[in-house]
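Coordinate analysis (summary)
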Amino acid sequence: MAFLDQSLLSFIIFILLLLLVPFSATGSLVGQIKHYQGQNQPYVGVNIGTDVSNFLSPSDLVLFLQLQRITDVRLYDPNPDILKAFAHTKIRVIVGVPNNQLIGIGSSNATAVTWVRWNVAAYYPRTLITAISVGDEVLTSLPSVASLLLPAMEALYSALVAVNLENLVKVSTPHSASVILDPFPPSQSFFNTSMTKYLSPIIEFLSRTKAPVMMNFYPYYVFMENKGVVPLDNSLFKPLMPSKEMVDPNTLLHYTNVLDAMIDSAYFSMKNLNVTDVVVLVTETGWPSKGDAMEPYATIDNADMYNSNLIKHVLDRSGTPLHPEFTSSVYIYELFNEDLRSPPISEGSWGLFYGNTTPVYLLHVSGTGTFLANDTTNKTYCVASDEVDNRTLQAALDWACGPGWANCSEIQPGEPCYQPNSARSHASYAFDSYYQKEGKAAGSCDFKGVAMITTTDPSFGSCIFPGSKKTVENKTEEADNSTQPSGACSIRPLTNMMNSLIKLQNNHLGVICTLAIAVILFIPFCNI
């Protein structure tokens, strides 16, 4: 068979692109729909407290957030240097009104106008401010100014209207979970009657302005206050046997974790006020990694388990039992341990990182790419997860070394990584080979949930993992062609291109047929 020369290859690609033209209008429409949907997909953000020794400079903070692929943050006050540093970064920001400013804003429309002018309009749209969180848990922590909360929200909203930002920047206020009574079963939940006179008009305001209700939900505290009633596994998102799931006797809905039950309790509470069109945004949730003798469950393992499973739960977009069609976005409390906070110990131990950006623990976020991989050195590896049976690992190992095209030569008999001769050891090497080859792309360290990302180098002795090598195998056209005889054509780059085109056209039948015909015509010209 004659080899395909460069001119003929170019001609085939040219004809292929011409065949795709009739479908370009449909593809554009699909792209617009996907873009719109993407803006409304659930996300995981972080709260940024600043009671930290040697807090990062604003520019270093931005670089760190970008390294961790964090795109959504919440600030407790409108720090001008940080807001300015976020300009042109695409990081979305909720900016907070401190509680001590509520009286002034709630008592004076002019003060609200000035606040919006200096803290929102001065930065938008260069800095993507998405919402104003008015105070923090005001109804429960500062009841003396509760009557000024709604007036402050309305004044800020009016100030946004004046600068045409009311549809781009939402106004809401974070509530403590304690504003909801009888949170389980969720169907029996209702807002604290002593606060209804404040909550009812606030919820109506949120409905009218299409803003979310902001809730600070901590399964940690639910567990600590109900030990013996609420199992730890339910609080940590651990997989449960059906017999351990919490069942709402009124709706017969099954709850596998505490956070979903808390979110649904907010929906039922709003329904009791005849409001059903306001979504829940979880502005704070997390688990402390350290505590005193009174908090034995504040451990690194539990914090890691909770936040890792939380991230996967949100990004899986599974919703709640009551609203499976909608998944609430969440903000983890918090980015850094705030070592300057007052006792107890747990108060300064909610962070994912220490103030110097060293991770407090390694999040197990397989399948989410480099998002929050705690990788401060750009060195991450993919290894087999703990507690996975050998049969499952072997199946994943077979796929990685076969269809996955991982380089498994080092785990063959007599090679440096053959010992220990176990499915777990071999799978870890193969997983990392595939992960590095794919450029650490999202989903490349998953293998149906049996792999996890780590920043700990798994190399040992003379066995050097792919992520540790100076030259990592990359999936490039040059590498592909290096395995071909001189002058031979490579079908993989064209296949990759066609796969991409299929995705862009949303699997349009006509495009698929066209591509299939092109492949059939193309193969005979190659020495395969």
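Above this text is the structure in question.
In this report, the structure presented in the accompanying data block is examined. (Residues numbered from 1 in each chain as written. Predicted model: local features only at pLDDT ≥ 70, side-chain atom pairs only at ≥ 80, totals over all residues. Heavy atoms only, no water.)

1. A word on the overall build of the chain
Of regular secondary structure, the chain possesses 18 helices and 15 strands. The 528 residues of the chain split such that 47% are buried. (Helix = DSSP H or I, 4+ residues; strand = E, 2+ residues; numbered from the N terminus. Buried < 20%, exposed > 50% of the residue type's maximum accessible area, 1.4 Å probe, protein only.)

2. Regarding the pattern of salt bridges
Under the criterion given, the structure shown has 7 salt bridges. A salt bridge links Arg74 to Asp136; the shortest N-O distance between them is 3.2 Å. One end of the pair, Arg74, is in strand 2 (residues 72–75); the other, Asp136, is in the loop between strand 4 (128–134) and helix 7 (138–141), with 62 residues separating them in the sequence. In this structure Arg74 comes out as buried when scored by relative accessible area, which is 1%. Salt-bridge contacts for Lys437 lead to Glu438; the nearest nitrogen and oxygen are separated by 2.7 Å. Several salt bridges converge on common partners, so that one network encompasses Arg74, Asp136 and Glu284. (Salt bridge = Lys/Arg side-chain N within 4 Å of Asp/Glu carboxyl O.)

3. Overview of unusual backbone geometry
Each neighbour pair has its own omega, and for Phe184 with Pro185 the value is 0°, a cis peptide bond. Among the structural elements, Pro185 can be located in the loop between strand 7 (180–181) and strand 8 (190–191). The omega torsion of the bond from Gln419 to Pro420 falls at -5°, within 30 degrees of zero and hence cis. Take Pro420: it is sitting in the loop between helix 14 (390–401) and helix 15 (423–437). Positive phi is not limited to glycine here, since Asp182 has a value of about 50°. Examined against the element boundaries, Asp182 turns out to sit in the loop between strand 7 and strand 8. One non-glycine residue, Arg317, lies in the positive phi region at around 55°. By the secondary structure assignment, Arg317 is in the loop between helix 13 (300–315) and strand 13 (330–332).

4. Notes on the state of the cysteines
Each disulfide is one covalent bond, formed between the sulfur atoms of two cysteines. Enumeration over the complete set of coordinates arrives at 3 disulfides. Between the sulfur atoms of Cys401 and its disulfide partner Cys408 the distance amounts to 2.0 Å. In this structure the cystine formed by Cys401 and Cys408 twists about its S-S bond by roughly -95°; its chirality is therefore left-handed. Using a relative accessible area of 30% as the deciding quantity, one classes Cys401 as partly exposed. Its relative accessible area of 7% is what places Cys408 among the buried residues. Residue pairing for Cys417: its cysteine sulfur links by disulfide to Cys463, the two sulfurs lying 1.9 Å apart. In this structure, the disulfide formed by Cys417 and Cys463 twists by about 105° around the S-S bond and is classed as right-handed. Remark: Cys463 occurs in the loop between strand 15 (451–454) and helix 16 (477–482) and Cys417 occurs in the loop between helix 14 and helix 15; sequence separation between them is 46 residues. Residue classification places Cys417 among the buried residues on the basis of a relative accessible area of 2%. For Cys463, a relative accessible area of 1% translates into the label buried. (Disulfide = S-S within 2.5 Å.)

5. Quick word on the sheet that holds strand 4
The sheet built from 9 strands is open, its strands ordered 5-4-3-2-1-13-12-9-6 with parallel pairing. The two strands at the open ends of the sheet, each matched to only one other strand, are strand 5 (170–172) and strand 6 (174–176). Mean inter-strand twist for the sheet, computed between neighbouring axes without regard to direction, equals 25°. Strand direction decides the pairing type here: strand 1 (residues 44–48) and strand 2, joined by 3 bridges, are parallel. Pairing of Ile48 across the sheet is with Leu75, part of strand 2. Here helix 8 (residues 149–162) sits on the sheet in contact with strand 3 (92–97), strand 4 and strand 5, set at roughly 155° to strand 4. Against the sheet, helix 12 (residues 258–271) makes contact with strand 9 (213–216) and strand 12 (280–285), and its axis sits at roughly 135° relative to strand 12, the strand it touches most. (Pairing = 2+ DSSP bridges. Axes fitted to C-alpha atoms, helices over the stretch in contact; angles between N-to-C directions. Contact = heavy atoms within 4.5 Å.)

6. Quick look at the environment of Asn234
By the secondary structure assignment, Asn234 is in helix 11 (residues 232–235). Judged by its relative accessible area of 1%, Asn234 falls in the buried class. Through-space distance from the C-alpha of Asn234 to that of Met246 is 8.4 Å; in sequence the pair is 12 residues apart. Those residues within four positions of Asn234 in sequence are excluded, and the remaining contacts are Leu240, Lys244, Met246, Tyr255, Thr256, Asn257 and Val258. At 3.4 Å, the side chain of Asn234 forms a polar contact with the backbone oxygen of Lys244. (Polar contact = N/O pair within 3.5 Å; in protein donor to acceptor, adjacent residues only side chain to side chain.)

7. Overview of helix 9 (residues 196–209)
Helix length check: helix 9 (14 residues) gives 20 Å between terminal C-alpha atoms against 20 Å at 1.5 Å per residue, within 8%. All of the buried residues along helix 9 are Leu199, Ser200, Ile202, Ile203, Phe205, Leu206 and Thr209. Two residues or fewer past helix 9, Lys210 is found with a positive phi of approximately 60°. (Expected span 1.5 Å × (residues − 1).)

8. Focus on the packing of helix 6 (residues 109–121) against helix 8
Two elements in contact, helix 6 and helix 8, have axes separated by 8 Å at closest approach and are oriented at 60°. Considering the angle they form, helix 6 stands oblique to helix 8. Considering only the axes of helix 6 and helix 8, their crossing is right-handed. Contacts between helix 6 and helix 8 involve Asn109, Ala112, Val113, Trp115, Val116 and Val120 on the former and, on the latter, Ala155, Leu156, Ala159 and Leu160. Its residues assigned to classes, the contact of helix 6 with helix 8 comprises 9 nonpolar, 1 polar and no charged. (Parallel < 35°, antiparallel > 145°, perpendicular 65-115°, else oblique. Left-handed = near helix turned anticlockwise from the far one by under 90°. Nonpolar A, V, L, I, M, F, W, Y, C, P; charged D, E, K, R; others polar.)

9. Topic: the nonpolar core
Phe86, Ile132, Phe217, Val280 and Leu335 are the most contacted members of the largest nonpolar core, which totals 99 residues. One finds Ala396, Cys408, Ala451 and Ile453 within the second-largest nonpolar core, a separate group that totals 25 residues. (Core = buried A, V, L, I, M, F, W, Y, C linked by side-chain atoms within 4.5 Å.)

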